[in-house]
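Summary of structural features
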Amino acid sequence: MERSRYWVEWPTLSLIALSYCAWAAGTTFLSSVWLPLGIVLTALAIALHSSLQHEVIHGHPVANRMLAQALVFPAIILVIPYLRFRDTHLAHHHDALLTDPYDDPESNYLDPTVWERLPWVVQVLLNFNNTLIGRLLIGPAVSQTAFMLGDWRKARAGDGSVVLGWLWHVPALIPVVLWLVFVSQMPFWAYALSAYAAISILKIRTFLEHQAHERARGRTVIIEDRGLLAFLFLNNNLHVVHHMHPRLPWYRLPKTYFANRDRYLARNNGYRYKSYAEVFRRYLFKAKDPVPHPIWRR
């Protein structure tokens, strides 16, 4: 069935409004009542907002793309420009390149030759980052450093899309800064902590959503979770369904998966976890994968 020129996905639009309301509440009266509670709600709101940005990247929730982007354009996460998120994520959706240390922008693996040349201190740090506790504690700092260094090199090499992405980040920050200065009752250090915590939460989703595998179809995970994390990630824990149907809205992913469960598990060679609780039990203090790509060949 074809969409009309003016279609609207009301569940997604409602969640966008909810994320801003929660963010506003967390940074104002909840912070004035008890700052830790304000930090927690603000972090959850920022994480949800990032997941909603992901929905917009894939063509939701309204027909007008410029309007959709405007709805999630404020940079409440502070350090990740929306346009760079969009461009790198769409590049990531080339499934044949998933986990490639060079061509998949979201890969957590390194070229083994590059790994061997790293100082031992950096290797220790990256090995710790490959445990779930490490990804939560230092993962945001590690990934942001790598992301910004990579963009700096691309900008110096003359990549105009990278420069444009960071230039548009400035107006996206302005309403956030104005809110924090004139409306928010949360200290800036607490807001920065909330943003860091939000990225940590998102690292739970990306921790093992892709694995090294000879075949592209076996690289993308299914986590059959239906709790708070699945909600914050907008059901992207059912990740192979999202990669097979990237235009499917978040609220249709569970029904699509569970109605065709055997098909999707056959598709990804059974790369599955029952819940995020299982992921925490197995990998909180243990690395699932090595940092150097175990089967990568140039």
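Our subject in this report is the structure included herewith. (Residues numbered from 1 in each chain as written. Predicted model: local features only at pLDDT ≥ 70, side-chain atom pairs only at ≥ 80, totals over all residues. Heavy atoms only, no water.)

What follows deals with the overall build of the chain. When helices and strands are tallied, the chain shows 16 helices and two strands. By the compact-globule yardstick of 19 Å for 298 residues, the chain fits well, its C-alpha radius of gyration being 19 Å. In terms of principal-axis extent, the alpha carbons of the chain reach across some 50 × 50 × 45 Å. The long-range fraction of contacts in the chain, counting pairs at least 24 apart against all pairs at least 6 apart in sequence, stands at 71%. For the chain, the accessible surface area stands at approximately 14900 Å², while carbon and sulfur atoms represent 65% of it. Side chains of the chain give 30 positive and 20 negative charges; the mean places of these two sets differ by 3 Å. (Helix = DSSP H or I, 4+ residues; strand = E, 2+ residues; numbered from the N terminus. Rg over C-alpha atoms; globule rule 2.2 N^0.38 Å. Contact = heavy atoms within 4.5 Å. Areas by Shrake-Rupley, 256 points an atom, 1.4 Å probe, with all protein chains shown as cover. Lys, Arg positive; Asp, Glu negative; His and termini not counted. Charge placed at Lys NZ, Arg CZ, Asp CG, Glu CD.)

Tracing the backbone through its elements, the reader meets V8 in the segment before α1 (10-27). A residue is classified by how much of its surface remains accessible, and V8, at 31% relative accessible area, is partly exposed. In this structure, the C-alpha to C-alpha distance between V8 and P61, residues 53 residues apart in sequence, is 5.8 Å. If we ignore the near neighbours within four places in the chain, the residues touching V8 are L13, P61 and V62. (Buried < 20%, exposed > 50% of the residue type's maximum accessible area, 1.4 Å probe, protein only.)

Let's shift gears to the packing of helix α5 (residues 82-92) against helix α10 (residues 160-182). Where α5 meets α10, the axes come as close as 7 Å, and the angle between the chain directions of the two elements is 140°. In this structure, α5 contributes L83, R84 and D87 to the contact, and α10 contributes S161, V162, L164, G165, W166 and W168. Among the residues forming the contact of α5 with α10, the class breakdown is five nonpolar, two polar and two charged. (Axes fitted to C-alpha atoms, helices over the stretch in contact; angles between N-to-C directions. Nonpolar A, V, L, I, M, F, W, Y, C, P; charged D, E, K, R; others polar.)

As for its placement among the helices and strands, Q211 is situated in the loop between α11 (188-206) and β1 (222-223). We classify Q211 as buried; its relative accessible area is 16%. Within polar-contact distance, the side chain of Q211 engages the backbone oxygen of G218 at 2.8 Å. Excluding its chain neighbours within four sequence positions, the residues that come into contact with Q211 are T99, Y109, G218, R219, Y271 and K288. (Polar contact = N/O pair within 3.5 Å; in protein donor to acceptor, adjacent residues only side chain to side chain.)

On to helix α3 (residues 35-57). Over its 23 residues, α3 extends 33 Å from the first C-alpha to the last, a length consistent with the 33 Å expected when each residue adds 1.5 Å. The buried fraction of α3 amounts to 17 of the 23 residues, a majority that puts the element mostly inside the structure. (Expected span 1.5 Å × (residues − 1).)

In this section: the nonpolar core. Of all hydrophobic cores here, the largest spans 51 residues; its most connected members are I46, Y191, L208, F233, Y273 and V279. Mapped onto this core, the elements with two or more residues apiece are α1, α3, α5, α8 (132-137), α10, α11, α12 (228-232) and α16 (276-283). Discounting chain neighbours no more than four positions away, the residues touching F233 are S51, I201, L202, I204, R205 and Y276. Ranked by size, the runner-up nonpolar core spans nine residues in total, among them I222, L248, L253 and L265. (Core = buried A, V, L, I, M, F, W, Y, C linked by side-chain atoms within 4.5 Å.)

With that settled, consider the packing of aromatic side chains. Centre-to-centre distance and the angle between the planes together describe a pair of aromatic rings. Per the stated rule, a full pass over the model turns up twelve aromatic pairs. Between F233 and Y276, the ring centres sit 5.6 Å apart and the planes meet at 75°, which makes this aromatic pair edge-to-face. One end of the pair, F233, is in the loop between α12 and α13 (239-244); the other, Y276, is in helix α16, with 43 residues separating them in the sequence. Comparing F233 with Y276 shows no difference in burial state: the two are buried. Their ring planes at 90° and their centres at 5.5 Å tell us that W250 and Y251 sit as a pair that is edge-to-face. Counting every residue linked through ring pairs, the aromatic cluster contains F207, Y271, Y273 and Y283. Seen from the ring of F258, R226 lies directly overhead, with NZ or CZ sitting 4.0 Å from the centre. (Phe/Tyr/Trp six-rings, centres within 6.5 Å; stacked < 30°, edge-to-face > 60°. Lys NZ or Arg CZ within 6 Å of the ring centre and 35° of its normal.)

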